[in-house]
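# Structure at a glance
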Amino acid sequence: MESPLFFIGILGGRYGWIPTERELQIRNSLEADGRFTGLLKKYPLDKTSVTELEIRYGVLENPRVGENLIVHIYVRDEEESERVLNELGIKQTEEEKERQRKLIEELKKYPKIKIREYKTAEELIALIEEDLKADIERLFPKDKLLSYIEKQRWLNRTYAKSRLKAYVEDHEILNQIDQTLKRESGYLLIHGESGIGKSSLIAYYSDLLRKKDKESLIIEHYTASGSDSPNYINIMHRLIGELENYLGEYKSEDKGVEIKESFDKQRTIELKLRDRLIELFEKASLRDSMVYIFLDGLNLLYPEKAKQLYWLPAKLPKGVYLIMSTISEDKETMESVKYWLKPDVITLKGLDKDRKAKIIKNYLSLHGKKLEREYEEIIIQAKNTDNPLFLKALLDELRVFGEFERLGNKLRELIKSETVEELFEKIFSRCKKDYGEYVIDILILLNISRDGINESELLDILPKITNREITRLELSTFILATDSYLVDINGYYKPAHYYVERAIGKFYDEGKERDYRKFLVEYFKSFMDSKDANYERISRELPWQLYELRDSERLTEVLKNMEILNRLLSNEREGELSKYVVFLEMKDDLKELVNWIIRSKNIYMKFNLGHFLYQRFAMIAQLIYENLIEELKNLYQKDPAKWAEDYTKSLNNLAVVYKARNELDKAIELTTEALKILKELYQKDPAKWAEDYTTSLNNLAVVYEARNELDKAIELTTEALKILEEHYTEESDKWIELKIESLIIHALCLLHLDVNRASEILNEAFNISDYFFRKDPSKWKEKHITTMEFLFQFYEALYTEDPNVWKEKYKEYLVTGAEIYRHLNILEKALELEEKVKEIEENQSNGNSDRF
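A short tour of the structure in this document, coming up. (Residues numbered from 1 in each chain as written. Predicted model: local features only at pLDDT ≥ 70, side-chain atom pairs only at ≥ 80, totals over all residues. Heavy atoms only, no water.)

## Examining the pattern of salt bridges
Inclusion rule: Take a side-chain nitrogen of Lys or Arg and a carboxyl oxygen of Asp or Glu: if they are within 4 Å of each other, that pair is a salt bridge. Each helix corresponds to a stretch of at least 4 residues labelled H or I by DSSP, and each strand to a stretch of at least 2 residues labelled E; elements are numbered beginning at the N terminus. For every residue, the accessible area (1.4 Å probe, protein chains only) is compared with the maximum for its type, and the residue is labelled buried under 20%, exposed over 50%, or partly exposed between those bounds.
Applying the stated criterion to the full structure yields 71 salt bridges. When the shortest N-O distance is used, the salt bridge between R373 and E377 registers 2.8 Å. Placement of both R373 and E377 in helix α14 (residues 373-381) is noted, with a separation of four residues, approximately one turn of the helix. Given a relative accessible area of 52%, R373 falls into the exposed group. With relative accessibility at 28%, the residue E377 sits in the partly exposed group. With a shortest N-O distance of 2.1 Å, D665 and R707 are connected by a salt bridge.

## As for the side chain of S225
The condition that has to hold: Counted as a polar contact is a pair of N or O atoms within 3.5 Å, where, for protein atoms, one must be capable of donating a hydrogen and the other of accepting one, and residues adjacent in sequence contribute only when both atoms are in side chains.
Within the secondary structure, S225 sits in the loop between β5 (217-222) and α10 (232-247). Residue S225 is classed as buried on the basis of its relative accessible area, which comes to 0%. Polar side-chain contacts of S225 include one of 2.7 Å to the backbone oxygen of Y222. Side chain to side chain, S225 and S229 meet in a polar contact 2.9 Å long.

## A short note on the packing of helix α7 (residues 148-164) against helix α9 (residues 198-212)
Put simply, the rule is: Every angle, taken between N-to-C directions, lies between 0 and 180 degrees, and every axis is a line fitted to C-alpha atoms, over only the stretch in contact when it is a helix. Angle categories are assigned with fixed cut-offs, so that under 35 degrees is roughly parallel, over 145 is roughly antiparallel, 65 to 115 is roughly perpendicular, and the rest are oblique. Residues are treated as being in contact if the distance between any of their heavy atoms lies within 4.5 Å. Gly falls in the polar group here, along with every residue not listed as nonpolar (Ala, Val, Leu, Ile, Met, Phe, Trp, Tyr, Cys, Pro) or charged (Asp, Glu, Lys, Arg).
The geometry of α7 relative to α9 is characterised by a closest axis approach of 8 Å and an angle of 110 degrees between their N-to-C directions. What the angle tells us is that α7 and α9 run roughly perpendicular. Residues R157, Y159, A160, R163 and L164 of α7 pack against S199, S200, A203, Y204, D207 and R210 of α9. Tallied by class, the residues present in the contact of α7 with α9 amount to five nonpolar, two polar and four charged.

## With respect to the pairing of strand β6 (residues 291-296)
Both faces of the sheet carry side chains from a regular strand, because those side chains alternate between them. Operational definition: We call two strands paired when DSSP finds no fewer than two bridges between them.
In terms of residue burial, β6 counts as a mostly covered element, since six of its six residues are buried. Bridge analysis of β5 against β6 gives six bridges, and the strand direction is parallel. Paired with H221 across the bridge in β6 is L295. Alignment of β6 against strand β7 (residues 320-327), held across five bridges, turns out to be parallel. In the sheet register, F294 faces β7, and the bridge partner there is I323.

## Let's talk about unusual backbone geometry
The bulk of non-glycine residues show a negative phi, and the bulk of peptide bonds are trans. With phi around 65 degrees, N662 is a residue other than glycine that occupies positive phi space. Using a relative accessible area of 59% as the deciding quantity, one classes N662 as exposed. Although it is not a glycine, N708 adopts a positive phi angle of roughly 65 degrees. One can find N708 in the loop between α32 (686-706) and α33 (710-727).

## A short note on α33
Put simply, the rule is: Each residue after the first adds 1.5 Å to the expected span of a helix.
For α33, built from 18 residues, the straight-helix expectation of 26 Å at 1.5 Å per residue is met to within 8% by its first-to-last C-alpha distance of 26 Å. Listed in full, the buried residues belonging to α33 are L710, A713, I714, L716, T717, A720, L721, I723, L724 and H727.

## Section: a nonpolar patch on the surface
For the record, the criterion: Note on patches: the residues involved have over 30% relative accessible area and no salt bridge, like charges join within 9 Å, and the nonpolar side chains Val, Leu, Ile, Met, Phe, Trp and Tyr join within 5 Å. For the area figures, the Shrake-Rupley method with a 1.4 Å probe applies, and any residue is considered shielded solely by the protein chains shown.
Taken together, the side chains of L5, I136, L139 and F140 define a hydrophobic patch exposed on the protein surface, amounting to about 330 Å² of accessible area. With respect to the helices, strands and loops of the structure, I136 is situated in helix α6 (residues 121-139).

## Topic: the side chain of E455
Relative to the elements of secondary structure, E455 occurs in helix α19 (residues 455-466). Of note is the side chain of E455, whose polar atom sits 3.3 Å from the side chain of S476. In this structure E455 touches R472, L475, S476, I479, G491 and Y493, once residues within four positions along its chain are discounted.

So, to be careful, I would describe these as geometric facts and stop short of saying anything about function.
In structure tokens:
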């Protein structure tokens, strides 16, 4: 009763069960739990029915009623109750009848409690369904969709609640965290072996903090909470969205920061997000309240480089705390965190004998159970129960075991398990025996799914596997029985721990896994033609399963679905699409997909897909763009004003692809055609078309430079710079960026004719970039870094050819760059440049002019 949304109470004619003297042994376990102490003093167990105690605890004594707990009580009509009791031969004392009446009268005095009468079971079902539907429609109206951060918050809080069930309180560790958070700000790393309770500790402590501190911002992120949760870009989006919401700056209903760049600009996205994150941390630090961020499971972060945590600031401002966890076995992640972030460190250790004794007593008492001292001692002395996950799984298994006489044998059998994985294997074997073979089918399906499976999906899929109908009652009973081993994320069930996944894996081989993946494929594929198809769900599960099956032919067919392909083209899923495309190319099935795309009439999908593919799959992008240009050419001829921009951009994009494939003549032909159109448009409306015209001049110059026709290239870049002189204004970002870019291209074209002049022009580009960067670092950081990186490459090449002439200039830019990177908190780049400076100086002192 800690945090449900609904309480449904059903009162029939009977007052309820009052324990006998023999049954009052449960009194001790209830009284041991402080939640019930006051209640049992007012309403003793030997005089009060358990039904009344439940209603008093859950409703009448619960301050959440009417605030964030909705209560529905259904009372059977008195005459109908009497009739049913008489039919069943059930007699009640007058005292019991009076207690029942008083309880109902007391409930009626509360205006926030909804009470309705019913006669039959069918009428009761209809009333409950009617009330719940009305409540759900009121609380979650169809026209109000959850924002990105609301979805993420719900996802992570749901996961946290599943971890809270497993937490075993450790005051010593809690005090250590308290002491760390008394500092002004900083990082804290919690580590320990798998299953030691890191996630549960974080869930418990953040919950504790939330109850004590209503003003501060508390963000929990669990990398195991969903298939996208370990992606560091998604984590950055999440943190930014939560901070923006906290500071009143959140606007987007999709992501905290709108990023439209393609897959090949991942580094650009990183820098933008990191910049924004640092900015928001600084703003949050100006408030009186604190910001606590909990990041659980660093060892699961991906891609692998994300574990270095370079995407977090090296130092946090006052009032901002970040508490992280990882497994001790992942030495690389731990060392990386310690190196970059210099956190305080807390090591979680196994349970000692005293804590195990307390846990056994307290945990079992919550369920009205206790163990004989002999059995407690066996558990306490066992080495494997030092692991909290092992201990809790063991206690859960013992408390549901119904044969007291065989309890000792059961305990000895379980305690022989050498690992947590082996223990879970025995537990699932018992579940199979108790509930039926179908439970293994369920576990396998949950194990191989990408995002988990909900109850409705299981009820649809299982009959195809088991050849019999599985009732909702059967399924719900099993799900509840394995509640501790499964995590419920927005209604989708997944194994709660990798130990659980590995234990389930013992029940199937590769052949069986393929069969079950095929069941999932057929299930999700069956919805693709439906009007109400959930394409977000289908696009995540169906291509994934086909990829895992290595079924390139059917994956190709699925990717031909426009709804699925458009979702995979979204920024955060381009990596997934790239994986599928690489696989199809290996299997020689990519041609079929490309032909379908070419036949498609969706121009903008072709444009986006071509842009996505051109760096990694230039030949495919070429085919798509060649087809696209033919279509756009016809459209442009019919309506030049409408299609000029799309047509010229596509010409330039295809030219870039041709240049990448060293087909320079074709690149020149296309860029020249684009330039001809843009020149005419520029002459008619310079203000509107100057940017596109200048960009096209630079594009053609780059191709001529690659063909070593430097005079033509310089002529084009000179014209571009002349146009910029006319239009350039410091108030317009696009002109500043274009001026810097044009100077760099001009310098590149001059390099082989006049290296000193090229160097001067590059210095000019750097000075413009540096001026605006120092004026507004957060705004110009990305462009300035791009400019610096080009200069580093430029002067490194010159230094390699002639160290004596270019050494000082190269060193100067390296030192400046290192200072800027340190100022921006990008320490890995600063260290890289500083190492290069040291190598140059060492070469100089050794009299060695060779390239380092």
